[in-house]
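Examination of the molecular architecture
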Amino acid sequence: MAITAKIDKLTKTTKMANTLKELNRSAEENCKKGRISFKVGKFEDALAAYGEAADAWKEMADMLFEKGKEARGKEFLDKNLETISCYGMALFKLERYEEALEIVDAALELKPENPTEWSNRGFVLSALDRNEEALDAFEKALAFDPKSPKILTSQGIVYFRMGLLKKAIETFDKALAIEPGKASDWACKVPRFSFFSRNEAPIMKPDNAETWYWKGNALLELGEKEKALNAFRNALEHDSEHLNSLLSGGDLLCEFAEYGEAFKCYIRALKLSPGNEAAEKGKEFCEEKINE
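What counts and how
- Residues numbered from 1 in each chain as written.
- Predicted model: local features only at pLDDT ≥ 70, side-chain atom pairs only at ≥ 80, totals over all residues.
- Heavy atoms only, no water.
- Helix = DSSP H or I, 4+ residues; strand = E, 2+ residues; numbered from the N terminus.
- Buried < 20%, exposed > 50% of the residue type's maximum accessible area, 1.4 Å probe, protein only.
- Contact = heavy atoms within 4.5 Å.
- Areas by Shrake-Rupley, 256 points an atom, 1.4 Å probe, with all protein chains shown as cover.
- Expected span 1.5 Å × (residues − 1).
- Salt bridge = Lys/Arg side-chain N within 4 Å of Asp/Glu carboxyl O.
- Axes fitted to C-alpha atoms, helices over the stretch in contact; angles between N-to-C directions.
- Parallel < 35°, antiparallel > 145°, perpendicular 65-115°, else oblique.
- Left-handed = near helix turned anticlockwise from the far one by under 90°.
- Nonpolar A, V, L, I, M, F, W, Y, C, P; charged D, E, K, R; others polar.
- Phe/Tyr/Trp six-rings, centres within 6.5 Å; stacked < 30°, edge-to-face > 60°.
- Lys NZ or Arg CZ within 6 Å of the ring centre and 35° of its normal.
- Polar contact = N/O pair within 3.5 Å; in protein donor to acceptor, adjacent residues only side chain to side chain.
- pLDDT = per-residue confidence, 0-100.
- Disulfide = S-S within 2.5 Å.

Let's shift gears to the overall build of the protein chain. Of the regular secondary structure elements, the protein chain holds 13 helices and zero strands. Start at the N end of the protein chain and walk to the C end: the helices and strands fall as α-α-α-α-α-α-α-α-α-α-α-α-α. Relative to its full complement of 292 residues, the protein chain shows a buried share of 43%. For the protein chain, the share of sequence-separated contacts (at least 6 apart) that also reach a separation of at least 24 residues comes to 54%. Accessible area for the protein chain stands at about 16500 Å²; split by element, carbon and sulfur atoms hold 52% of it.

A separate point is helix α3 (residues 70–93). Given 3.6 residues per turn, any residue in an α-helix points the same way as the ones three and four places further on. Relative to the 34 Å expected for 24 residues at 1.5 Å per residue, α3 spans 35 Å between its end C-alpha atoms, a close match to the ideal helical length. Where α3 ends, the next residue or the one after it, Glu-95, has phi of about 65 degrees, a positive value.

A full pass over the atoms with the stated rule returns 18 salt bridges. The shortest N-O distance in the salt bridge between Glu-99 and Arg-96 comes to 2.9 Å. Judged by its relative accessible area of 29%, Arg-96 is partly exposed. As a salt-bridge pair, Glu-133 and Arg-130 come within 2.8 Å of each other at their nearest N and O atoms. On the accessibility criterion, Arg-130 (29% relative accessible area) is partly exposed. Taken together, the shared-partner salt bridges connect Glu-22, Arg-25 and Glu-29 into one network.

Moving on, we get to the packing of helix α5 (residues 115–127) against helix α7 (residues 149–161). One way to put it is that α5 packs onto α7 with a least axis distance of 11 Å and a crossing angle of 20 degrees. In terms of their interaxial angle, α5 and α7 are classed as roughly parallel. In the packing of α5 onto α7, the handedness of the crossing is left-handed. Taking contact as the criterion, the partners of Pro-115, Ser-119, Phe-123 and Ser-126 in α5 are, on α7, Ile-151, Ser-154, Val-158 and Arg-161. Split into classes, the residues belonging to the contact of α5 with α7 amount to four nonpolar, three polar and one charged.

If you walk through the whole model with that rule in mind, you get eight aromatic pairs. Here Tyr-259 and Phe-285 contribute two aromatic rings whose centre-to-centre distance is 5.9 Å and whose plane-to-plane angle is 75 degrees, an arrangement assigned as edge-to-face. Taken together, the residues Tyr-259 in helix α12 (residues 259–272) and Phe-285 in helix α13 (residues 277–290) connect sequence positions 26 residues apart. Using a relative accessible area of 33% as the deciding quantity, one classes Phe-285 as partly exposed. A cation over a ring is seen here: Lys-140 above Trp-118, with NZ or CZ 5.4 Å from the ring centre.

Our next topic: unusual backbone geometry. Generally, phi is negative for residues other than glycine and the peptide bonds are trans, each holding for most cases. The phi dihedral of Glu-95 is positive, around 65 degrees, even though this residue is not glycine. Position of Glu-95 relative to the elements: it lies in the loop between α3 and α4 (97–110). Owing to a relative accessible area of 58%, Glu-95 belongs among the exposed residues under this scheme. Look at Ala-257: it is not a glycine, yet its phi comes out positive at around 65 degrees. Tracing the backbone through its elements, the reader meets Ala-257 in the loop between α11 (243–255) and α12. Given a relative accessible area of 46%, Ala-257 falls into the partly exposed group.

Take Thr-171: it is sitting in helix α8 (residues 165–177). A distance of 2.8 Å separates a polar atom in the side chain of Thr-171 from the backbone oxygen of Lys-167. Residue contacts for Thr-171: discarding those within four places in its chain leaves Leu-152, Gln-155, Gly-156 and Tyr-159.

Here the protein chain averages 87 in pLDDT, and 86% of its residues register 70 or above. Within the model, pLDDT remains below 50 along residues 181–195, and this stretch shows 23 contacts once partners closer than five positions in the same chain are excluded. Segment residues 197–204 is flagged for pLDDT under 50; beyond a separation of four residues in sequence, or across chains, it makes 20 contacts in the model.

This paragraph deals with the packing of α3 against α4. Running from N to C, α3 and α4 cross one another at 155 degrees; their axes reach a closest spacing of 8 Å. By the angle between their axes, α3 is roughly antiparallel relative to α4. Viewed along their axes, α3 and α4 form a crossing whose handedness is left-handed. Between α3 and α4, the residues in contact are Leu-81, Ile-84, Tyr-87, Gly-88, Met-89, Leu-91 and Phe-92 and Tyr-97, Glu-99, Ala-100, Ile-103, Val-104 and Leu-110, respectively.

With the rule as written, the count across this model stands at zero disulfides. Unpaired in terms of disulfides, Cys-31 finds its nearest cysteine sulfur in Cys-86, a separation of 5.9 Å. Owing to a relative accessible area of 10%, Cys-31 belongs among the buried residues under this scheme. Cys-254 takes part in no disulfide bond, and the closest cysteine sulfur to it belongs to Cys-286, at a distance of 3.6 Å.

In structure tokens form, the structure reads like this:
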């Protein structure tokens, strides 16, 4: 009887180990699929993949908790919560804002000191046009991560959308004053585009590109076109593939009658985004002006 009991126990343990291994494999694969789908804009696919990954990790956590393995169970529960957060952002991208807000608020109940979740809440609230609440969410995020350029930039975008342009620029400048943790290795290898750079050796910091882009928009709204052009130029020196800065910069160069330089911006934009309507129109307009 003792031997039979030991065999049964060993069989159950082996079965559980195999189940955990298979669930973990499935979760990892789905999480990877979710990240790739999200990156390429296939948000429905990302939503499905993240949902399956979250379910698998939750099942693993429950199994381990049931066996009294609290530490390992918590490890997979944390993965479950992280994946649910990604699920919420996929909902956000699908413009299912109310559902996304429910996910974010549920996450904040469990992790009220998480700056990422507070920042996510700010994104969702801003999309719902609840800008004052969005600003409050970003303030809470900054309380836990005060040196985050990304959070400051997000806060600045809300000020911009509220028409508080000087406050937006002030916030963007705060973000730009903070050194990014580390520029991506690829950034140092990206060729500089001479048509939109006046610096001999620009420092490539892709993290700053979005901030410069939005600062350019705010300056443009204030009628500061030269400064706006310089902001778009800075964005491209930090990330030469920043599509919106190429388009906005090209448009401004056209206003300054620098059609040759603008043409190069639109050509580069079309390489990054084939068939882009704004780039196509800009390119055709520059060709007409150059050939006059």
